[in-house]
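Each chain, written out:
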Protein chains: 2
Amino acid sequence: MSPTPRRVTAVDTYDIRFPTSRELDGSDAMNPDPDYSAAYVVLRTDAEDGHEGHGFTFTIGRGNDVQVAAVQALRAHVVGRPLDALCADPGTLHRDLIGDSQLRWLGPEKGVMHMAIGAVVNAVWDLAAKRAATPLWKLLADADPAWLVSQVDFRYIADALTPEDALALLRAGRDGAAAREARLRAHGYPGYTTSPGWLGYSDEKLTRLARQAVADGFTQIKLKVGADLADDLRRCRVARAAIGPGIRLAIDANQRWNRDEAVRWTRALAEFDPYWVEEPTSPDDVLAHAAIRDAVAPVKVATGEHVQNRIVFKQLLQAGAVDVLQIDAARVGGVNENLAILLLAARFGVPVCPHAGGVGLCELVQHLSMFDYVALSGTTEDRVIEYVDHLHEHFTDPVRMRAGHYAAPTAPGFSATMRAESIARFTYPDGAFWAADRAQRKGAAA
Amino acid sequence: MSPTPRRVTAVDTYDIRFPTSRELDGSDAMNPDPDYSAAYVVLRTDAEDGHEGHGFTFTIGRGNDVQVAAVQALRAHVVGRPLDALCADPGTLHRDLIGDSQLRWLGPEKGVMHMAIGAVVNAVWDLAAKRAATPLWKLLADADPAWLVSQVDFRYIADALTPEDALALLRAGRDGAAAREARLRAHGYPGYTTSPGWLGYSDEKLTRLARQAVADGFTQIKLKVGADLADDLRRCRVARAAIGPGIRLAIDANQRWNRDEAVRWTRALAEFDPYWVEEPTSPDDVLAHAAIRDAVAPVKVATGEHVQNRIVFKQLLQAGAVDVLQIDAARVGGVNENLAILLLAARFGVPVCPHAGGVGLCELVQHLSMFDYVALSGTTEDRVIEYVDHLHEHFTDPVRMRAGHYAAPTAPGFSATMRAESIARFTYPDGAFWAADRAQRKGAAA
């Protein structure tokens, strides 16, 4: 008799919210008061190794409960799956989740339901990497190119990238991989920091943090813009003065503008030599991004943190609408869809500079960029991962920055595991933090 | 002392599911077994008139609970609003819901959260029309053009349609409106029927229903395609033989194809003279639709039932990607966003042929087309509203078809009100139907 296969036994969910709005951390022109949150998922198994798969959707507060409900709607697809098959081929689960015809109606492949799929799929990759006793970036970089191709859903992107194209890119990416891996382990992957530039910060705080960023070894910082042009002119001047001419200054409008407004505003800030303008308008608007890019060159156009799926990324590339493609580890359908997006970017020769920050986004996305460097694009030229110095203390394997670079993770997994104490304390609305907060407000009101 | 203003006192939600999968009603190449469902919302007030505002999101089964959770997340924005102000200006609530920065993160303006906003906004319009004692189409058709413009959010579409453009279109639309209203009341608005063409039906059933459709006065029917080309060739032959050469035959692939596959498949079916090919590929893929349209002419390209918002519709029009624009009353952010989309279509001179069917979608969308005919585009040429003869019996003011035309509703409101018995019986999982169904299955298994 063959032994009973080990299986997924539970998909547990947690509504975790951090009160970041109280310090204006994360404030920008569209998001004045975010409470950084995670709809968090833990896959549990009956394997003796005790490994769990962790994943999450990042949100900014209200609606985190809706996101949790969406993850729960996926449970029936996951519980009972045999572990060996699941971890050997996360792509099958990915396709089953994307392909559930009834759930698909709620997207398709966008918004709440798609992000929930991403959380679950990422949790499977976390589990697979833990079981393989390797960090995810290394699991991907060492994987057989044909197997990686099998993990990608080519539906709706085959007009720009075929499986054959993908295989050729991944095979070429193996050339020199060992040397790049050694370099990555020695020097890390370059980052840039948004910490100085939140819209709610004073000029003094902006100056202090911008100088600190340069002292810490960053070669690029980012400033939030888009609420008020006079303020933006002043803040860009302050930031440029603080960092000097040799450091790149990116500006980020968080979708605040219409097409023509984006052009006018970006041109008005051109005297401060912005390196890129990020999210100048709606992430859905491929044609507007193409028009803006034509009009604001040499300032580069960047977008992606809210781009819903590989299909829109494909069009941004086909239309020549972006200079810089910004993947997000937790917005699309997980590692599998981000593989498709990295392959599309490589095919079009456009650099990927991931969005990060939030809750745990730095922890996740570093693995994707490191894989890309070692075994796909093969370069870090003009590539930087966003870095924000918030909330890392809640993770068991937080990112480590050295001289403005992300150190390569060495712990097995996807660096997604949140500390049990943090989960307990910040679970909403009944964790210790929120219960005490409620009691205090009640006391203040009495 | 001024009297206390009347307010919204409750936003009640219901998870309503109909077991349509058992008859293969609604089966197509992407949706083999839909259980037509509604995440249903009722706004209650403390006004003496007793009017309620009804709205819903249509889904096809699983995930309807997620959609309900999303509506509940909007409650705090709605409860307590003064009724007079709310009904005099639904646009303010619409903007507040779209603009909630934390909830916006879950889209933005797409998927579960956006459809929930649509359900609530539509419920407000239902309430406003009931209080005005007029069907919604008539309320809109009689409205001051400047007020209608105030109901539209021009963010991200101003590069294609300005408020001034919209005002000019609406003012021009008033010319001859009284005569068109009289014609509408006398003859109704043309429909076409999808009832013969579901993929799960036999050739015999297809033939019978297609002949019946012609006998009923329809001048267009629609056939689901895209699962198997040999089947599609046979079914198109059967359908064309049943209806003869003078009736339009639309085909609908429900997003089944990649770009190049769509072109090949449509060309293969061209011998049966299809009038339009609907949803040939992903609704997100503006550029692919443009390429397909170029390649399959004179067959027209239609899409829209899954197009997420006005921004993607705008691009479909800007790119010349569609011949026929298919609005859906319950996919986007409600009447306000559909006003924007109707204005965009009028600006580009593209006919609007709404998606309907499902649960209550015919009931809702007829109001938008009738408004468009009376007071915006001013024509029904090449315009038809989809008709499917399912589930109308659950509504208090069901659509009435006469000689293939939708009769103009006369009851006040948006025709969104479901019968209380239907709500009670089909509420999932504890309504009488589902409870009995569960008991029966348990009995069968024992």
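Residues numbered from 1 in each chain as written. Chains lettered and ligands numbered in written order. Predicted model: local features only at pLDDT ≥ 70, side-chain atom pairs only at ≥ 80, totals over all residues. Heavy atoms only, no water.

Peer 1: Tell me about the nonpolar core, and please be specific about residues and values.
Peer 2: Membership of the largest hydrophobic core comes to 283 residues, with the highest contact counts inside it found for Phe371 of chain A together with Phe371 of chain B. Lining this core are residues from two domains, each supplying at least three of them: domain 1 (8-143) and domain 2 (177-421) of chain B. Each residue touching Phe371 of chain B, except ones within four places of it in the same chain, is listed here: Trp137, Leu140, Ala141, Leu148, Leu170, Leu339, Leu342 and Leu376 of chain B. (Core = buried A, V, L, I, M, F, W, Y, C linked by side-chain atoms within 4.5 Å. Buried < 20%, exposed > 50% of the residue type's maximum accessible area, 1.4 Å probe, protein only. Domains from an automatic or database assignment. Contact = heavy atoms within 4.5 Å.)

Peer 1: With reference to specific residues and values, describe the pattern of salt bridges.
Peer 2: All chains considered together, the criterion is met by 72 salt bridges over all chains. For Asp382 of chain A, the salt bridge identified is with Arg248 of chain A, shortest N-O distance 3.1 Å. Here Asp382 of chain A is found in the loop between helix 17 (361-375) and strand 10 (385-387), whereas its partner Arg248 of chain A is found in strand 6 (residues 248-252), with 134 residues between them in sequence. For Arg248 of chain A, a relative accessible area of 32% corresponds to the partly exposed category. For Asp437 of chain B, the salt bridge is made with Arg441 of chain B, and the minimal N-O distance between the two is 2.9 Å. Taken as a pair, Asp437 of chain B and Arg441 of chain B lie in helix 19 (residues 432-445) at a separation of four residues, close to a single helical turn. One network of salt bridges, with partners in common, ties together Asp159 and Lys314 of chain A together with Arg259, Asp260 and Asp285 of chain B. (Salt bridge = Lys/Arg side-chain N within 4 Å of Asp/Glu carboxyl O. Helix = DSSP H or I, 4+ residues; strand = E, 2+ residues; numbered from the N terminus.)

Peer 1: Hey, could you go over the sheet that holds strand 3 (residues 53-59) of chain B for me, with residue numbers and the actual values?
Peer 2: All names here are of chain B. Strand order in the open sheet made by the three strands is 1-2-3, with antiparallel pairing throughout. The open sheet has two free edges, formed respectively by strand 1 (8-17) and strand 3, since each of these has just one partner strand. Here the average twist between neighbouring strands, direction ignored, is 15°. Across nine bridges, strand 1 lies against strand 2 (residues 37-45) in antiparallel orientation. Each residue of the ladder has a partner; that of Ala10, found in strand 2, is Arg44. (Pairing = 2+ DSSP bridges. Axes fitted to C-alpha atoms, helices over the stretch in contact; angles between N-to-C directions.)

Peer 1: For the interface of chain A and chain B, give the residues involved together with the corresponding values.
Peer 2: Facing 61 residues of chain A, the contacting portion of chain B comprises 61 residues. When the two sides are added together, the surface that chain A and chain B hide from each other amounts to roughly 5100 Å², 53% of it contributed by carbon and sulfur. Inspection of the chain A/chain B interface yields eight salt bridges. Among the ionic pairs, Asp159 of chain A bridges to Arg259 of chain B, the shortest N-O distance being 3.6 Å. (Buried area = accessible area lost by both parts, 1.4 Å probe.)

Peer 1: Summarise the packing of aromatic side chains; cite the residues concerned and give the values.
Peer 2: Within this structure, the stated rule accounts for 32 aromatic pairs over all chains. Centre to centre, the rings of Tyr275 of chain A and Trp276 of chain A are 6.0 Å apart; their planes meet at 45°, and the pair counts as tilted. By relative accessible area, Tyr275 of chain A is classed as buried at 13%. For Trp276 of chain A, a relative accessible area of 0% translates into the label buried. Arranged with centres 5.0 Å apart and planes meeting at 85°, the rings of Tyr36 of chain B and Phe58 of chain B form a pair that is edge-to-face. Highlighted residues: Tyr36 of chain B in the loop between strand 1 and strand 2 and Phe58 of chain B in strand 3, separated in sequence by 22 residues. Here the two residues Tyr36 of chain B and Phe58 of chain B agree in accessibility, since each one is buried. (Phe/Tyr/Trp six-rings, centres within 6.5 Å; stacked < 30°, edge-to-face > 60°.)

Interpretation note: all reported values are geometric properties and have no functional meaning in isolation.
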